[in-house]
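Analysis of the macromolecular model
As a plain string of letters, each chain reads:
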Amino acid sequence: MGIKVAKFGGSSLCDAEHFRKVKAIIESDPDYRYVVPSAPGKRFDADEKITDLLYQCHRQVERNQSHEETFRKIAERYTQIARELELDFDVNELMLETSDAIRRYKNPDFAASRGEYMNGVLLAKYLGWDFIDAQDVVKFDRQGIFASEWTNEIMTEALSRHERAVIPGFYGSFPNGDVHTFSRGGSDISGAIVARAAKADVYVNWTDVSGFLMADPRIVKNPRCIRELSYRELRELSYMGATVLHEDAIFPVHKAGIPTNIRNTNDPDDPGTMIVMQPSPDRHRDQIITGVAGHKNFTLLSIEKAMMNAELGFGRRVLQALEDFGVSFEHLPTGIDTMSVVIADRELVTRKDQIIQRIQQTCQPDAIELSAGIALIATVGHGMTSAPGTAARLFTALYEAGVNIRMIDQGSSELNNIVGIDVDDFETAMNAIYRAFVKD
Ligand code: ASP
């Protein structure tokens, strides 16, 4: 028998009907030993997320206004779930206590964490499982940085005392015991932490989509689902904006060598996406790339100087100028006498002129130019390493679509090929690349 840890997102626990689906999933496989719930999410487009309502309660308390009207909406959601599931416990008392504590503590993290806390209490009752409060087993240091090893020790010990348990996501506590949360969407991280401590065989992240798609469906029509993805490929695709999992959810499970399976609560028979340590050997027989993702809003800083390549410290001085103004860069493709730095527009807003001036002083280039309106597209896949002609295929597709390439960056890992193009060509280029590698 193996061990599985399941995390259910807010949309998977938004009402009683979804609680029933969750129970059916958990009871269909005795390997599920620990469950990490989010707070109830939206039931329909115009609905409100419990976490948003809780932050709103806190803001009202802070302004010395009454939060009762807002809290009533929250209480109604939980009460309805408890009533429809015929849970045998006093949900009203839990609501009163929580509303009162939010008013007394005046702490935004505490208020927000109650969404997961109350959902965890309800889910534990419904499944008939133990409840472990995340406040006792997930630790942050005094600065609010997640204390991974300390948490792992406490969590491992706590889990060893419970055969099956529900541990709410999203929050933990400072060394003094005060509640602190991860950033939004942080229940994904909590699930990964529990999976690591439980030495799980797999971390199953249940959400409302059947895994990662090979491209953004708002740009490419009906992209295929990615069945298998390595953690490194996931990093590359998430960097470019593919978001299904919280970025920081990768670290605990990756460290422990545990795969993550993204599944759809509303379509439990779909195998979803499996995120693995290493790609399986036969994965790329019929598919070279794993996915394509992109981002707009970059600027290209191009610097030219004769004999640049022989000038000791040139690159360092360029990067020093950026560092001095607190600007981080994304990519650094270089030529013989040219150097380009790709920088996100948001980094440059107020500091453009000063940086140029500084580079002029310290590097004395022949020419320096800033071009805004650049989009980056990353074509990602382990398969690209072993398949000759991949770059040719990519560039031919862009040429045939009439897209001019402004920059190319292929790291030596050959896991990722990034092209910089004009922002107006973004949609055309994404489709051209996708269609070049995926034949329907
Ligand atoms: N409920 C929190 C949020 O809305 C955390 C989570 O769902 O993962 O961000």
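Residues numbered from 1 in each chain as written. Predicted model: local features only at pLDDT ≥ 70, side-chain atom pairs only at ≥ 80, totals over all residues. Heavy atoms only, no water.

Let us now look at the overall build of the chain. The helix and strand inventory of the chain stands at 16 helices and 15 strands. The C-alpha extent of the chain, read off along each of the three principal axes, is 80 × 55 × 40 Å. When each of the 440 residues of the chain is scored for burial, the buried share is 54%. Here the analysis covers contacts within the chain between residues at least 6 apart in sequence; of these, 75% occur between residues at least 24 apart. For the chain, the exposed area adds up to about 20400 Å²; of that, 47% sits on carbon and sulfur atoms. For the chain, the distance from the average position of its 49 positive side-chain charges to the average position of its 64 negative side-chain charges is 1 Å. (Helix = DSSP H or I, 4+ residues; strand = E, 2+ residues; numbered from the N terminus. Buried < 20%, exposed > 50% of the residue type's maximum accessible area, 1.4 Å probe, protein only. Contact = heavy atoms within 4.5 Å. Areas by Shrake-Rupley, 256 points an atom, 1.4 Å probe, with all protein chains shown as cover. Lys, Arg positive; Asp, Glu negative; His and termini not counted. Charge placed at Lys NZ, Arg CZ, Asp CG, Glu CD.)

Negative phi values dominate among residues other than glycine, just as trans dominates among peptide bonds. Phi is positive for Glu 86, close to 55°, though the residue is something other than glycine. If you trace the backbone, Glu 86 turns up in the loop between helix 3 (68–84) and helix 4 (91–105). On the basis of relative accessible area, Glu 86 is assigned to the exposed category, the value being 70%. A positive phi is found at Lys 199, a non-glycine position, where the angle reads about 50°. Tracing the backbone shows Lys 199 in the loop between helix 8 (187–197) and strand 7 (202–207). Given the relative accessible area of 63%, Lys 199 is considered exposed.

Now for the sheet that holds strand 14 (residues 405–410). In spatial order, the strands read 12-11-13-15-14; together these five strands make up an open sheet with antiparallel pairing. The open sheet terminates on both sides in strands that have one partner only, identified here as strand 12 (338–344) and strand 14. Here the average twist between neighbouring strands, direction ignored, is 35°. Bridge count between strand 13 (residues 367–380) and strand 15 (residues 416–422): seven bridges; the pairing is antiparallel. Each bridged residue has a counterpart across the sheet, and for Leu 376 the counterpart in strand 15 is Gly 420. Lying on the sheet, helix 9 (residues 231–239) is in contact with strand 11 (291–304), strand 13 and strand 15; it crosses strand 11 at an angle near 70°. Along the sheet, helix 11 (residues 314–324) makes contact with strand 11 and strand 12, crossing strand 12 at roughly 20°. (Pairing = 2+ DSSP bridges. Axes fitted to C-alpha atoms, helices over the stretch in contact; angles between N-to-C directions.)

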